[in-house]
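Okay, here's what each chain looks like letter by letter:
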Amino acid sequence: MNEKLFWRLIGEAVASPNPYTTLEKSLEPMQLEELLEFIQIYSRCEEALFTPAHLTAAFLLHEGTLDDEDFGVYTEGVVGATNAAYLDVKEDPDKLLDYSIYKTVLNLDSHPFASAPVAVGKRKFGAQWRDESKKERWKVLPTDYDRIELGGKKGVDIITPDLAKRLVPRLYEIYGSRCDW
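Residues numbered from 1 in each chain as written. Predicted model: local features only at pLDDT ≥ 70, side-chain atom pairs only at ≥ 80, totals over all residues. Heavy atoms only, no water.

**Examining the overall build of the protein chain**
- When its secondary structure is counted, the protein chain shows 11 helices and two strands.
- For the protein chain, the succession of helices and strands along the chain, N to C, is α-α-α-α-α-α-α-α-α-β-β-α-α.
- Against the compact-globule benchmark of 16 Å for 181 residues, the protein chain has a radius of gyration of 17 Å, which places it among compact chains.
- Dimensions along the principal axes, computed over C-alpha positions, put the protein chain at roughly 50 × 35 × 25 Å.
- Counting all 181 residues of the protein chain, 43% fall into the buried class.
- Across the protein chain, every contact between residues at least 6 apart in sequence was considered, and the portion connecting residues at least 24 apart equals 73%. (Helix = DSSP H or I, 4+ residues; strand = E, 2+ residues; numbered from the N terminus. Rg over C-alpha atoms; globule rule 2.2 N^0.38 Å. Buried < 20%, exposed > 50% of the residue type's maximum accessible area, 1.4 Å probe, protein only. Contact = heavy atoms within 4.5 Å.)

Below you can see the structure in the form of structure tokens.
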């Protein structure tokens, strides 16, 4: 598994009428290690979104409330887009408003692409999947936004109206007034 194949599979899934089913079918022929590599690439893409700007964007989209699960939904939604959309939004979270994933990020409790390789791995490999996926080399960092620091503060404590206006002005314009600062 490499990033080019990863993004091709994500792109094909996003373009289909049934994205989750399409992704599962694409992952089905893969070997155990390839599925785990898919998860690693997915996780690295999520990790790239662990920035003050993305934390602020997620905070605004959730109207001033945010927990680790909400931030996870945000990062999964951005990764579950085309490569072009992901790269654009990764660089500037305000560009989320320019893509259809904007509504996906707002409406999902969890993103199905994150669970597709796990479902295929469990179904296809059973106990071998459980054993291998627990090994240190496949561990992924938890979606813990307290790892994001700025000015000596961590997590949502870094977010202020001034920071939001500076980092994500378009999102702030739409959602800033809905937040209880």
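Having seen it, we continue.
**A word on the environment of Glu 69**
- Structurally, the position occupied by Glu 69 is in helix H5 (residues 68-79).
- A relative accessible area of 57% places Glu 69 in the exposed class.
- Linking Glu 69 and Gly 126, residues 57 residues apart in sequence, is a C-alpha distance of 27 Å.

**Overview of a positive patch on the surface**
- Residues Lys 122, Arg 130, Lys 134 and Lys 139 make up a contiguous surface patch of positive charge.
- Mapped onto the secondary structure, Arg 130 falls in helix H9 (residues 127-133). (Patch = residues over 30% accessible without salt bridge, like charges linked within 9 Å, V, L, I, M, F, W, Y side chains within 5 Å. Areas by Shrake-Rupley, 256 points an atom, 1.4 Å probe, with all protein chains shown as cover. Salt bridge = Lys/Arg side-chain N within 4 Å of Asp/Glu carboxyl O. Lys, Arg positive; Asp, Glu negative; His and termini not counted. Charge placed at Lys NZ, Arg CZ, Asp CG, Glu CD.)

**Description of the packing of aromatic side chains**
- A complete count under the given rule lists nine aromatic pairs for this structure.
- Considering the side-chain rings of Phe 50 and Phe 71, the 5.1 Å spacing of their centres and the 80° angle between planes classify their relative orientation as edge-to-face. Note that Phe 50 is positioned in the loop between helix H3 (32-47) and helix H4 (52-61) and Phe 71 in helix H5, a separation of 21 residues in sequence. Each of the two residues, Phe 50 as well as Phe 71, counts as buried.
- Here the aromatic rings of Phe 71 and Tyr 74 are separated by 6.0 Å at their centres, their planes lie at 15°, and the arrangement is stacked. Highlighted residues: Phe 71 and Tyr 74, both in helix H5, separated by three residues, approximately one helical turn. Here Phe 71 matches Tyr 74 in class, with each residue buried.
- Aromatic ring contacts, followed pair by pair, group Phe 6, Trp 7, Phe 38, Tyr 42 and Tyr 86 into a single cluster. (Phe/Tyr/Trp six-rings, centres within 6.5 Å; stacked < 30°, edge-to-face > 60°.)

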